[in-house]
Amino acid sequence: MKKILSIVLLALVGLFLGACNNSSDANVELKVGTSPNYKPFNYKEDSKLTGFDTDLVEEIAKRNGIKIIWVETAFDGLIPALKAGKIDMIASAMSATDERRASVDFTEPYYMSKNLYLKLKDNSALNSKEDLEGKKIGVLLGSLQENTAKAIQNAQVQSNKDLNIAVLALKNNKIDAIVADKDTAKGYLSENPELVDFFEEEDGAEGLSFAFDKDKQKEIIEKFNKGIEELKADGFYDTLVKKYGLE
């Protein structure tokens, strides 16, 4: 009888400890900052947050027992929000650069992209990057492309919190061109037939990555790095690539 009671007791203790461990995993929460105006990576559809980054984060979180709380923030305010503790993570098509590494930690890249330059179809004066010297260029505020545009000699750079503002300005001849992430720019080209691309280049970054406050989330970063690898290995990543037209 004592032996049976001991076995039952051990079983109950095991169940209790297992429940505690599961509860611990389920109670991990991450406030994830995103700027939902960057299709196909982060945007709203029928008032619901969606996009390549959104689906990627949600799937990795689900597999690791992490609850995601999305926090919408302007792109240029994401790193300040991270440093202030208002969010725990950034998932917003952010390029990993040396400048940003000074204040944040990045996961391994989950996507590689390029810069694409847009103009009006009837603008025959723009055919190369050099033609933009002294011209008005629209970019997303706080983006990698903002720095790229500012490096063009005598360029008049107009930084916007939403690229839709830049597109409207271009269509109304208030600026001469737009520099944007290639995959985002392709969406604007398909929706605005009067626009065309005229130059493409490497963006000079290590790729799009998820960001965390410096030296504060090492274990979570490891989980996301592993998660990215697993999703690429089991085909889920490729499914997302096709879903959002990133082939």
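Anything mentioned here points back to the structure above.
Definitions and cut-offs
- Residues numbered from 1 in each chain as written.
- Predicted model: local features only at pLDDT ≥ 70, side-chain atom pairs only at ≥ 80, totals over all residues.
- Heavy atoms only, no water.
- Helix = DSSP H or I, 4+ residues; strand = E, 2+ residues; numbered from the N terminus.
- Buried < 20%, exposed > 50% of the residue type's maximum accessible area, 1.4 Å probe, protein only.
- Core = buried A, V, L, I, M, F, W, Y, C linked by side-chain atoms within 4.5 Å.
- Contact = heavy atoms within 4.5 Å.
- Pairing = 2+ DSSP bridges.
- Phe/Tyr/Trp six-rings, centres within 6.5 Å; stacked < 30°, edge-to-face > 60°.

Asks: Would you mind showing me how to read unusual backbone geometry here?
Replies: The linkage connecting Lys39 with the following residue, Pro40, adopts the cis geometry, with an omega of 10°. Secondary-structure assignment places Pro40 in the loop between strand E2 (37-38) and strand E3 (42-45). With phi around 70°, Ser47 is a residue other than glycine that occupies positive phi space. Topologically, Ser47 is positioned in the loop between E3 and strand E4 (48-50). Taking the relative accessible area as the measure of exposure, Ser47 reaches 71% and is therefore exposed. The backbone of Asp215 shows a phi angle near 60°, a positive value even though the residue is not glycine.

Asks: It is not clear to me how the nonpolar core should be interpreted in this structure. Could you clarify?
Replies: Note on soluble globular proteins: their nonpolar side chains tend to be buried together. The biggest cluster of nonpolar side chains holds 58 residues, and the ones touching the most others in it are Phe52, Leu56, Met89, Ile178, Phe210 and Phe224. Ignoring sequence-local partners within four residues, the contact set of Leu56 consists of Tyr110, Phe210, Leu231, Tyr237 and Leu240. In this structure, Leu126, Ile137, Ile152 and Val179 belong to the second largest nonpolar core, which totals 10 residues.

Asks: So what exactly am I meant to see when it comes to the sheet that holds E4 here?
Replies: Sheets are built from strands that pair by backbone hydrogen bonding, the pairs being arranged parallel or antiparallel. Spatially, three strands are ordered E2-E3-E4 in an open sheet, and the strand pairing comes out antiparallel. The sheet is open, and its two edges are formed by E2 and E4, each paired on a single side. Bridge analysis of E3 against E4 gives three bridges, and the strand direction is antiparallel. Bridging from a neighbouring strand, Glu45 pairs with Lys48 of E4.

Asks: I would appreciate a short explanation of the packing of aromatic side chains in the present structure.
Replies: Any two aromatic rings considered together are summarised by their centre-to-centre distance and by the angle between their planes. One pass over the full model with this rule turns up 11 aromatic pairs. Here Tyr110 and Phe210 contribute two aromatic rings whose centre-to-centre distance is 4.4 Å and whose plane-to-plane angle is 20°, an arrangement assigned as stacked. Separated by 100 residues along the polypeptide, Tyr110 in the loop between strand E7 (104-106) and strand E8 (114-120) and Phe210 in strand E13 (residues 208-213) bring together distant segments of the chain. You'll find Tyr110 and Phe210 in the same group, each marked buried.

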